[in-house]
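Topology and contacts: notes
Each chain, letter by letter, is given below.
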Amino acid sequence: MYEDVLRHVYNIDTYKIQQIKGGWSAFAYKIQGNNQKEYFLKVYDKMRPSTQNMYKSLHVSSQILSWLNSYSSLTNNIVELINTVDNQCIYEDEKNIYILYKYIHGKTLRDEKISNTHFNILSNIIAKLHTYGNTISFDLTAITEDFNIFFYDNLLNFITKQYSSCSEDLKEVLSDYLNLIVNQLEGLMNIQKNIDKENINYRLCHTDIHGGNIIISDRVHLLDFDNLLLAPVEADLFAFYQKPQWELLLSCYRKTHPDYKVNEQLMEFYHLRRVLIDIWEEIELLESNAHNVDRAASLSNLRQQFKWL
Ligand SMILES: Nc1ncnc2c1ncn2[C@@H]1O[C@H](COP(=O)(O)OP(=O)(O)OP(=O)(O)O)[C@@H](O)[C@H]1O
Ligand SMILES: [Mg+2]
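Calculation rules
- Residues numbered from 1 in each chain as written.
- Chains lettered and ligands numbered in written order.
- Predicted model: local features only at pLDDT ≥ 70, side-chain atom pairs only at ≥ 80, totals over all residues.
- Helix = DSSP H or I, 4+ residues; strand = E, 2+ residues; numbered from the N terminus.
- Rg over C-alpha atoms; globule rule 2.2 N^0.38 Å.
- Contact = placed C-beta atoms within 7 Å.
- Near = placed C-beta within 6 Å.
- Nonpolar A, V, L, I, M, F, W, Y, C, P; charged D, E, K, R; others polar.
- Axes fitted to C-alpha atoms, helices over the stretch in contact; angles between N-to-C directions.
- Parallel < 35°, antiparallel > 145°, perpendicular 65-115°, else oblique.
- Left-handed = near helix turned anticlockwise from the far one by under 90°.
- Pairing = 2+ DSSP bridges.
- Buried ≥ 20, exposed ≤ 12 C-beta atoms within 10 Å, placed from the backbone.
- Core = buried A, V, L, I, M, F, W, Y, C linked by C-beta atoms within 7 Å.
- Expected span 1.5 Å × (residues − 1).
- Bend = angle between axes of the 7 residues up to and from the residue.

**Description of the overall build of the protein**
- The helix and strand inventory of the protein stands at ten helices and eleven strands.
- Scaling as 2.2 N^0.38, a compact globule of 309 residues should have a C-alpha radius of gyration of about 19 Å, and the protein matches this with 20 Å.
- If you line up the protein on its principal axes, its C-alpha atoms span 55 × 50 × 35 Å.
- Expressed as a percentage of contacts within the protein between residues at least 6 apart in sequence, the contacts between residues at least 24 apart total 69%.

In structure tokens form, the structure reads like this:
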């Protein structure tokens, strides 16, 4: 089905295309080429709200990933992007956006606990990524943290007004959490207003570090740089804060960043924002006209999020 794109845009003749389950924001395919090489293709449906939200930033994040592949010491530990024959990081047609990567053989960590040995390597990857800031020669405007809570009005409106007429399956899952969502949204807004935005050290942050974006082979690979941001380092570190391996991360991280001090307010901001964004994106998807939505998986993701609120 994507043979033409692969042939004309990437100059790859395909032997086999196999859909892979697992991605949330894009459809994913393992590609075997007639050249004996294997690739990983992500296809973003332009009808999907998340694709529309990411449209500009995807162009920048893919360029930076490509640059990190070529010029950083992270090369062996991050997913490798394959350019089009026109040397572009992204291809787009009327229906989709396409990004192609080298296929990584290994095991996606998902919900499995990461061993301390691999966690040390991951901590080093994060620390190295955070050595890059706004001195790299890209226009980083589209991926610079602005602490926005872009979903605030939509989520509040949905809970207070549209909820009563939404689909029944969604209504049932949300019913016990309406007040909690509204309270936490207000809490997030208060934190956001008080952030001292002028005195922050902005660094390149992955912002979506979890087991689904880590593959372990004989190495540790960090993938899915779609949410790359120039942001305070807490945008990555919050995912580990106050969790069992936090001290391990901190001791490894401070070898590269000896002066690092935790900013509690930013940790709280990123934690709450992440959970509320995930809640909003599932609601938005479930109420959208996007094709092939797996409603059961989406509702289950939503239920998981309430544990973190
Ligand atoms: N280069 C690769 N080689 C092999 N497998 C990969 C590669 N990149 C990603 N995967 C697998 O595909 C899954 C989905 O990929 P990815 O995280 O990039 O997609 P996504 O749609 O952005 O997912 P999500 O939004 O849920 O994070 C990963 O969890 C991993 O198992
Ligand atoms: Mg992912």
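**Side note on the site of ligand 1**
- Neighbouring ligand 1 are 19 residues, the closest being Gly23, Trp24, Phe40, Thr108 and Asp224.
- When grouped by side-chain class, the residues that make up the shell around ligand 1 number ten nonpolar, six polar and three charged.

**Here we look at the packing of helix α4 (residues 152–160) against helix α6 (residues 178–194)**
- Between α4 and α6, the shortest axis-to-axis distance is 10 Å and the interhelical angle comes to 155°. In terms of orientation, α4 lies roughly antiparallel with respect to α6. Viewed along their axes, α4 and α6 form a crossing whose handedness is left-handed. Between α4 and α6, the contacting residues are Tyr152, Leu155, Leu156 and Ile159 on the first element and Leu178, Ile181, Val182, Leu185 and Met189 on the second.
- Among the residues making up the contact of α4 with α6, the classes are represented as nine nonpolar, no polar and no charged.

**Points about the sheet that holds strand β10 (residues 220–222)**
- If you trace the three strands from one edge of the open sheet to the other, you get β7-β9-β10, paired in antiparallel fashion. Lying at the two open borders of the sheet, with one neighbouring strand each, are β7 (107–108) and β10.
- Summarising the sheet, strand β9 (residues 214–216) and β10 pair through three bridges and their orientation is antiparallel. From the neighbouring strand, Ile215 faces β10, where its bridge partner is His221.
- Where helix α3 (residues 116–129) meets the sheet, its contacts fall on β9 and β10, and the angle it forms with β10 comes to roughly 40°.

**Looking at the pairing of strand β2 (residues 27–33)**
- The sheet contact formed by strand β1 (residues 14–20) and β2 spans six bridges and is antiparallel. Paired with Ile20 across the bridge in β2 is Ala28.
- Taking the residues between adjacent antiparallel strands as the criterion, β2 and strand β3 (residues 38–45) are bridged by four residues, where Gln36 takes a positive phi near 70°.

**Here's the deal with the environment of Asn157**
- Examined against the element boundaries, Asn157 turns out to sit in helix α4.
- Overall, the presence of 11 C-beta atoms within 10 Å leaves Asn157 in the exposed class.
- On a C-alpha basis, the gap between Asn157 and Asn289 in space is 19 Å, while along the polypeptide they are 132 residues apart.

**Overview of the nonpolar core**
- In terms of nonpolar packing, the biggest core is built from 64 residues, with Leu41, Leu100, Leu155, Leu229 and Leu276 touching the most fellow members.
- For this core, the leading source of residues is helix α9 (residues 264–286), giving eight residues.
- Other than its neighbours up to four places away in sequence, Leu100 contacts Tyr10, Tyr39, Leu41 and Ile82.

**Here's the deal with the environment of Phe269**
- Mapped onto the fold, Phe269 is located in helix α9.
- Taking the C-alpha atoms as reference points, Phe269 and Ile191, 78 residues apart in sequence, are found 6.4 Å from one another.

**Some words on helix α2 (residues 49–71)**
- With 23 residues, α2 should cover 33 Å at 1.5 Å per step; its first-to-last C-alpha distance of 33 Å lies within 8% of that length.
- Taken as a whole, α2 carries its principal kink of about 60° at Tyr55.
- Leu58, Val60, Ser61, Ser62, Ile64, Leu65 and Leu68 are the residues of α2 that are buried.
- Elements that come into contact with the buried residues of α2 comprise β4 (81–82) and β6 (96–102).

**Observations regarding unusual backbone geometry**
- The residue Asn11 is not glycine, and still its phi comes out positive at about 60°.
- Here Asn11 shows up in the loop between α1 (3–10) and β1.
- Of note, the phi angle at Asn292 is positive, near 50°, even though the residue is not glycine.
- As for its placement among the helices and strands, Asn292 is situated in the loop between α9 and α10 (295–306).
- A residue is classified by how many C-beta atoms lie within 10 Å of it, and Asn292, with 7 of them, is exposed.

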